Amino acid sequence: MSERTVREVVFVDGVRTPFGKAGGMYAETRADDLVIRCIRQLLRRNPGLPPERVEEVAIAATTQIGDQGLTLGRTAALLAGLPKTVPGFSIDRMCAGAMTAVTSVASGIGFGAYDVAIAGGVEHMGRHPMGEGVDPNPRILSEKLVDPSALVMGATAENLHDRFGHISKERADAFALASQQRYAKHTDKIALDLVSMNTRSAETGWGLATQDEPPRETSMEALAGLKTPFRPHGRVTAGNSAGLNDGATACIVTAEEVARELDLPVAMRMVSYGFAGVEPEVMGVGPIPSTEKALSKAGLTIDDIGLFELNEAFAVQVLAFLDHFGISDEDERVNPWGGAIAVGHPLASSGIRLMTQLARHFAANPGVRYGITAMCIGIGMGGTVIWENPAWEGAK
């Protein structure tokens, strides 16, 4: 049997649609059209990539029904104009769908099964609310495998506040406010990777989505007055959580040698990744063990990480991560352009948003060698990918 070497895998480029509020600007837009638009734009931005060199398309969606169903990776590839010889498949790992799409195709590339792949994710939460059409096995609750709160993400965030009592509502609100403020300061940079999207409304006719819909101006006073829908006198509100959103992302992943051959940009080099399970009742702690796993596999420590893109499903979830690793709430390495509390979290699409922004941060920070993208995942999981900056000045 011949020896097989694992190839270096790189993130070439990523884009996303502007994120919308569920039932907002994309209310009459098909989910698959959102991700198709992203794939087409990736090919336009990277003319050195012949469409026939794409060998796999992996697209994630949490609610795989209607216009998010029917083996979306394959149908999106066809509708985006890729050759009929290009296969595709669908993925569901809830919030980490797009992240898993990337790690899945990266594994295939590293193994040598193919050279170039497109990974993406889409979630139209206005058209397909989380949980639509599902039928959880009743034994999950009747046999007390999980507490009923495990099936309500906001309730798991309240549970996390209970577990980490020192994380107050005020601290969560302050983190949320900082996310909004950081986003507002960097909209010009964020716009570099946004794909405009045609929209249609029976009331207003045709339109063009060019910027994110969810961000809003707020204050500590306004945040303090919001209702706590998951528990009377609770700590989780719409202000310190990500919203219900619509949007899509996509990226190009290749073997590094192939990117060089095709003169494609090498934005990030994949170092390692890890997924881990935790108690579903406190799913927000998931990124802690997944990060420890990814660090261990890479032979790194948290001190080696110079940039963090952490998905902000709930402020308390990010704060628990920061506390565990001894990182300050105000650390400028963490979500420099704000996060999901500001921009939104269309579930399965969010992982590639984190990656696309980390790639931008790497380009602007040659002094940083390693960065992390990490997120919590519904039903008690966490996912982390560690990336290396190809522009790191220490490599020269």
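Note that this is a predicted model, so its numbers are computed, not measured. (Residues numbered from 1 in each chain as written. Predicted model: local features only at pLDDT ≥ 70, side-chain atom pairs only at ≥ 80, totals over all residues. Heavy atoms only, no water.)

Student: Tell me about the overall build of the chain, and name the residues and values.
Tutor: When its secondary structure is counted, the chain shows 13 helices and twelve strands. Computed over its C-alpha atoms, the radius of gyration of the chain comes to 20 Å, within 12% of the 21 Å expected for a compact globule of 396 residues. With respect to the principal axes defined by its C-alpha atoms, the chain has extents near 60 × 55 × 50 Å. For the chain, with 396 residues in total, the buried portion stands at 57%. Of the contacts formed within the chain by residues at least 6 apart in sequence, a portion of 79% connects residues at least 24 apart. When the accessible area of the chain is evaluated, it comes to approximately 16,300 Å², of which 52% is carbon and sulfur surface. (Helix = DSSP H or I, 4+ residues; strand = E, 2+ residues; numbered from the N terminus. Rg over C-alpha atoms; globule rule 2.2 N^0.38 Å. Buried < 20%, exposed > 50% of the residue type's maximum accessible area, 1.4 Å probe, protein only. Contact = heavy atoms within 4.5 Å. Areas by Shrake-Rupley, 256 points an atom, 1.4 Å probe, with all protein chains shown as cover.)

Student: Before we move on, could you go through the packing of helix α5 (residues 153–163) against helix α11 (residues 315–324) and cite the residues and values that matter?
Tutor: The contact between α5 and α11 brings their axes to 9 Å, and the two run at 40°. Of the possible angle classes, the one that applies to α5 and α11 is oblique. In terms of crossing hand, the pair formed by α5 and α11 is left-handed. Of the residues in α11, those touching α5 at Ala157, Leu160 and His161 are Val316, Gln317 and Ala320. (Axes fitted to C-alpha atoms, helices over the stretch in contact; angles between N-to-C directions. Parallel < 35°, antiparallel > 145°, perpendicular 65-115°, else oblique. Left-handed = near helix turned anticlockwise from the far one by under 90°.)

Student: Lay out the pattern of salt bridges in plain terms, naming residues and giving numbers.
Tutor: Side chains that carry opposite charge are capable of pairing whenever their charged atoms lie near each other. Inspection of every chain in the model, using the stated rule, returns 23 salt bridges. One salt bridge in this structure joins Arg231 and Asp162, with 3.0 Å as the shortest N-O distance. Separated by 69 residues along the polypeptide, Arg231 in the loop between α8 (220–224) and β8 (245–255) and Asp162 in helix α5 bring together distant segments of the chain. With relative accessibility at 43%, the residue Asp162 sits in the partly exposed group. Across the pair Glu388 and Arg369 runs a salt bridge whose closest N-O atoms are separated by 2.8 Å. On the criterion of sequence distance, the pair formed by Glu388 in strand β12 (residues 381–388) and Arg369 in the loop between α13 (350–364) and β11 (370–377) is long-range, its members being 19 residues apart. Residue Glu388 is classed as buried on the basis of its relative accessible area, which comes to 12%. (Salt bridge = Lys/Arg side-chain N within 4 Å of Asp/Glu carboxyl O.)

Student: Describe the pairing of strand β4 (residues 88–91), with residues and values.
Tutor: Sheet topology note: the strand β3 (residues 57–60)/β4 ladder contains four bridges and is parallel. Bridge assignment links Ala60 to a residue of β4, and that residue is Ile91. Since β3 and β4 lie parallel, the crossover through helix α2 (residues 72–79) that links them has a hand, and here it is right-handed. (Pairing = 2+ DSSP bridges. Right-handed = clockwise from strand over helix to strand, strands pointing away.)

Student: Please give an account of a nonpolar patch on the surface that cites residues and values.
Tutor: Together, Leu141, Leu151, Val152, Phe230 and Ile379 make up an exposed nonpolar region whose accessible area comes to about 390 Å². Along the chain, Leu141 falls in helix α4 (residues 139–142). (Patch = residues over 30% accessible without salt bridge, like charges linked within 9 Å, V, L, I, M, F, W, Y side chains within 5 Å.)

Student: Explain the packing of aromatic side chains residue by residue, including any values.
Tutor: Within this structure, the stated rule accounts for four aromatic pairs. Plain terms: the ring middles of Phe11 and Trp387 are 5.9 Å apart, the flat faces sit at 80° to each other, and that makes the pair edge-to-face. Highlighted residues: Phe11 in strand β1 (residues 9–16) and Trp387 in strand β12, separated in sequence by 376 residues. Overall, the relative accessible area of 1% leaves Phe11 in the buried class. Residue Trp387 is classed as buried on the basis of its relative accessible area, which comes to 1%. Judged by centre distance (6.1 Å) and plane angle (65°), the ring pair of Tyr273 and Phe275 falls under edge-to-face. Judged by relative accessible area, Tyr273 falls into the partly exposed class, the value being 30%. By relative accessible area, which is 13% here, Phe275 ends up buried. Every member of this aromatic cluster is reached through a ring pair, and the members are Phe308, Phe321 and Phe325. Of note, Arg93 hangs over the ring of Phe275, and the distance from its end group to the ring centre comes to 3.8 Å. (Phe/Tyr/Trp six-rings, centres within 6.5 Å; stacked < 30°, edge-to-face > 60°. Lys NZ or Arg CZ within 6 Å of the ring centre and 35° of its normal.)

Student: Mind laying out the UniProt feature "domain: Thiolase C-terminal" (unreviewed entry) in the chain, listing which residues take part and the relevant values?
Tutor: The positions that UniProt labels "domain: Thiolase C-terminal" (unreviewed entry) are, in the present scheme, residues 267–388. Between the C-alpha atoms that bound residues 267–388 the distance is 9 Å, and the span itself is 34% helix and 26% strand. (UniProt positions renumbered as here; feature names shortened; annotations may be inferred.)

Student: Describe empty space enclosed by the protein, naming the residues involved and giving the relevant values.
Tutor: Taken as a whole and judged by the stated rule, the model has one cavity of 30 Å³ or more. One number sums up the size of the largest cavity: a volume of about 60 Å³. Around the largest cavity sit Arg16, Lys189, Ile190, Asp193, Leu194, Trp337, Arg353, Thr356 and Gln357, which together line it. For the lining of the largest cavity, the elements supplying multiple residues, two or more each, are α7 (187–190) and α13. Among the elements that line the lining of the largest cavity, the one with the most residues is α13, at three residues. Of the residues belonging to the lining of the largest cavity, the class tally is three nonpolar, two polar and four charged. (1 Å grid on protein atoms, 1.4 Å probe; cavity = no way out; pocket = protein on both sides within 12 Å on 5 of 7 lines; lining within 4 Å. Points joined across faces, edges and corners; volume = space filled by probe spheres on them. Nonpolar A, V, L, I, M, F, W, Y, C, P; charged D, E, K, R; others polar.)

Student: Give a description of the pairing of strand β9 (residues 268–277) that names residues and reports values.
Tutor: Two faces make up the sheet, and in a regular strand the side chains alternate between them. Within β9, seven of the ten residues are buried, which leaves the element mostly enclosed by the surrounding structure. Where β1 and β9 come together, two bridges link them in antiparallel fashion. Counted as the bridge partner of Phe11 is Met268 from β9. Strand direction decides the pairing type here: β9 and β12, joined by eight bridges, are antiparallel. Within the sheet, the bridge partner assigned to Arg269 lies in β12 and is Glu388.

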